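# Examination of the molecular architecture
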Amino acid sequence: MRARTCGRALVLALVGCGGFDNGDLRTGTVRGRVLGAESGVARVSVLGHSELRATVAADGRFELDGVPAVPLELYVVASRTQAARTPVLAQGARVTDVGDIQGKPGAFLTVRVRDEQGAIPPDVEVELRGTGEDRAKVDTSSGEVRLGPLPAGCYSLEVKADDLEDVETEVCVREGEERVQAITLPADDDDGGDDDGGSDDHGGGRDGG
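Residues numbered from 1 in each chain as written. Predicted model: local features only at pLDDT ≥ 70, side-chain atom pairs only at ≥ 80, totals over all residues. Heavy atoms only, no water.

Let us now look at the overall build of the protein chain. When you go through the protein chain residue by residue, the secondary structure sums to one helix and 15 strands. Across the 209 residues that make up the protein chain, the buried fraction comes to 39%. Of the contacts formed within the protein chain by residues at least 6 apart in sequence, a portion of 61% connects residues at least 24 apart. Counting every atom, the protein chain has about 11300 Å² of accessible surface; 47% of that belongs to carbon and sulfur. (Helix = DSSP H or I, 4+ residues; strand = E, 2+ residues; numbered from the N terminus. Buried < 20%, exposed > 50% of the residue type's maximum accessible area, 1.4 Å probe, protein only. Contact = heavy atoms within 4.5 Å. Areas by Shrake-Rupley, 256 points an atom, 1.4 Å probe, with all protein chains shown as cover.)

Our focus in this paragraph is the sheet that holds strand 11 (residues 136–137). Here four strands make up an open sheet; going across it, the order is 11-10-13-14 and the pairing antiparallel. Single-partner strands in this sheet number two, and they are strand 11 and strand 14 (167–173). As paired strands, strand 10 (residues 125–128) and strand 11 are joined by two bridges and run antiparallel to one another. Looking at strand 11, one finds that Glu125 is bridged to Lys137. (Pairing = 2+ DSSP bridges.)

So, on to unusual backbone geometry. Going from Gly148 to Pro149, the amide bond is cis rather than trans, its omega being 5 degrees. With respect to the helices and strands, Pro149 occurs in strand 12 (residues 144–150). In this structure, Ala93 is a non-glycine residue whose phi angle is positive, near 60 degrees. Structurally, the position occupied by Ala93 is in the loop between strand 6 (82–89) and strand 7 (95–102). Unlike most non-glycine residues, Asp163 shows phi in positive territory, near 65 degrees.

Okay, the sheet that holds strand 6 next. In spatial order, the strands read 3-2-5-6-8; together these five strands make up an open sheet with antiparallel pairing. Edge positions in the sheet fall to strand 3 (49–55) and strand 8 (104–105), since each has one partner strand and no second. Strand direction decides the pairing type here: strand 6 and strand 8, joined by two bridges, are antiparallel. Its bridge partner being in strand 8, Ala83 is matched across the sheet by Lys104.

Among the secondary structure elements, Arg43 is positioned in strand 2 (residues 43–46). Residues contacting Arg43, with those up to four places away along its chain left out, are Ala54, Val56, Tyr75, Val76, Val77 and Glu133. A distance of 2.8 Å separates a polar side-chain atom of Arg43 from the backbone oxygen of Val41. Engagement of the side chain of Arg43 in a polar contact is seen with the side chain of Glu133, the distance being 2.9 Å. (Polar contact = N/O pair within 3.5 Å; in protein donor to acceptor, adjacent residues only side chain to side chain.)

Membership of the largest hydrophobic core comes to 26 residues, with the highest contact counts inside it found for Val111 and Val159. Elements supplying a minimum of two residues to this core: strand 5 (71–77), strand 9 (107–115), strand 10, strand 12, strand 13 (153–160), strand 14 and strand 15 (178–185). In terms of residue count, strand 9 provides more of this core than any other element does, four residues in total. Ignoring sequence-local partners within four residues, the contact set of Val111 consists of Val126, Gly143, Glu144, Val145, Leu147, Leu157, Val159, Gln181 and Ile183. Counting residues in hydrophobic clusters, the runner-up holds 19 residues, among them Val30, Ala42, Ala78 and Ala84. (Core = buried A, V, L, I, M, F, W, Y, C linked by side-chain atoms within 4.5 Å.)

Structure (structure tokens):
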């Protein structure tokens, strides 16, 4: 009997000192419901964790597994015109219900890309990093691509093209805003190229969120 009691004490000591894998306590499941969800359009992801994404059922319900148990934001597209960002703190090894999420008027971002000579580069790809959205192709005739709806806030915009330097810049949008972001891709051999790309018609727009 004494040996069995000591065995239990040893197990408890190992748990307290990290002797066992507590990985299941580091992540949890997040569920909720997107109000006004549009079938085939609505989706949910974890901002900054592109691999964590889920489709939304016909009734608006969603469930995300493996969400780190730290303060994060959900990136929600409710319909073709509405989106939202909402804070979440997953509970380790438990289900966290965030309840109903109401979409708000989304912003739309038009990215206009040129090279240093003012020409439209071929095969340009644009990505808002960490949102779970796929890379978008720039139209070769207009040199533009329109992204949205986007929840109000700030994002890391990455633009890539063959034989040109990549450009990454921060862009912020307000609720319901139509914003144009002009990007110039420097030549690949231009060590002093300016990767800052700026907006051509909105000097503000950095107070999104």
